[in-house]
Structures are given as structure tokens and as C-alpha cells.
Amino acid sequence: EKERELRRRARAPKLAALDVDFMRADERGDVAEKACVADKKQALRDVTTDPAIEAAMTPEALRAAWPDILK
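Figured I'd write up the structure that's included with this text. (Residues numbered from 1 in each chain as written. Predicted model: local features only at pLDDT ≥ 70, side-chain atom pairs only at ≥ 80, totals over all residues. Heavy atoms only, no water.)

### Digging into the pattern of salt bridges
Evaluated as defined, the whole model comprises 11 salt bridges. Residues Arg4 and Glu1 are paired through a salt bridge, measuring 3.9 Å at the closest nitrogen-oxygen approach. Taking relative accessible area as the criterion, Arg4 reaches 15% and is therefore assigned buried. With relative accessibility at 68%, the residue Glu1 sits in the exposed group. Across the pair Asp68 and Lys71 runs a salt bridge whose closest N-O atoms are separated by 3.0 Å. The two residues Asp68 and Lys71 agree in class, both being exposed. (Salt bridge = Lys/Arg side-chain N within 4 Å of Asp/Glu carboxyl O. Buried < 20%, exposed > 50% of the residue type's maximum accessible area, 1.4 Å probe, protein only.)

Written out as C-alpha cells, the structure is:
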């Protein structure tokens, strides 16, 4: 659970920034940009369900499984 919490904390500012991007796209009526932002937000939500978390047997493997989207 610690790994999932670390990922949640790392994604929080990224999700907040994407919320702003989504609102701006909404104000412009840019449906395509809203869909793109929504996809990015979903990818960030999915980082806590990554099967690599459970599969990692060592701290090194866990670090290697850190998703690029959180870097």
C-alpha cells in the first residue's frame, strides 16, 4: 500500500494541472482537447492499479516499475 500512496502523492499535482487544462478546453469548446486531457487523467489514475506493483519482489524492481507518466 505504501507504493500506491507514493504514486497517489506524485500524481496529485499533475491531476490538478490537467483539471485546469480541461476547464480551459471546456471554455473554448474544444472537444478534442477535452478528450485528450481526459485520457491523460485516466492514465494517471491507472498508475495505482499497475500489476508491476504486486509483481515487484525487491525495492529495486519497484523503483524500476515507476511509471514514466509520474516522472
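### Side note on the packing of aromatic side chains
Considering all chains together, one arrives at zero aromatic pairs under this definition. In this structure, Lys41 packs its charged tip against the face of Phe22, placed 5.7 Å from the ring centre. (Phe/Tyr/Trp six-rings, centres within 6.5 Å; stacked < 30°, edge-to-face > 60°. Lys NZ or Arg CZ within 6 Å of the ring centre and 35° of its normal.)

### So, the side chain of Arg4
Position of Arg4 among the secondary structure elements: in helix 1 (residues 2-28). Residues within four places of Arg4 in sequence aside, it is in contact with Thr48, Ile53 and Glu54. (Helix = DSSP H or I, 4+ residues; strand = E, 2+ residues; numbered from the N terminus. Contact = heavy atoms within 4.5 Å.)

### Describing helix 1
Between its first and last C-alpha atoms helix 1 spans 39 Å; for 27 residues at 1.5 Å apiece the expected length is 39 Å, and the two agree. The largest bend in helix 1 amounts to roughly 35° and is located at Arg11, with the proline Pro13 lying one to four residues further along. Here helix 1 has its buried residues at Glu3, Arg4, Arg7, Arg11, Leu15, Leu18 and Ala25. Buried residues along helix 1 sit in contact with helix 2 (31-45), helix 3 (51-55) and helix 4 (59-64). Phi turns positive one or two residues past the end of helix 1, at Gly29, with a value near 75°. (Expected span 1.5 Å × (residues − 1). Bend = angle between axes of the 7 residues up to and from the residue.)

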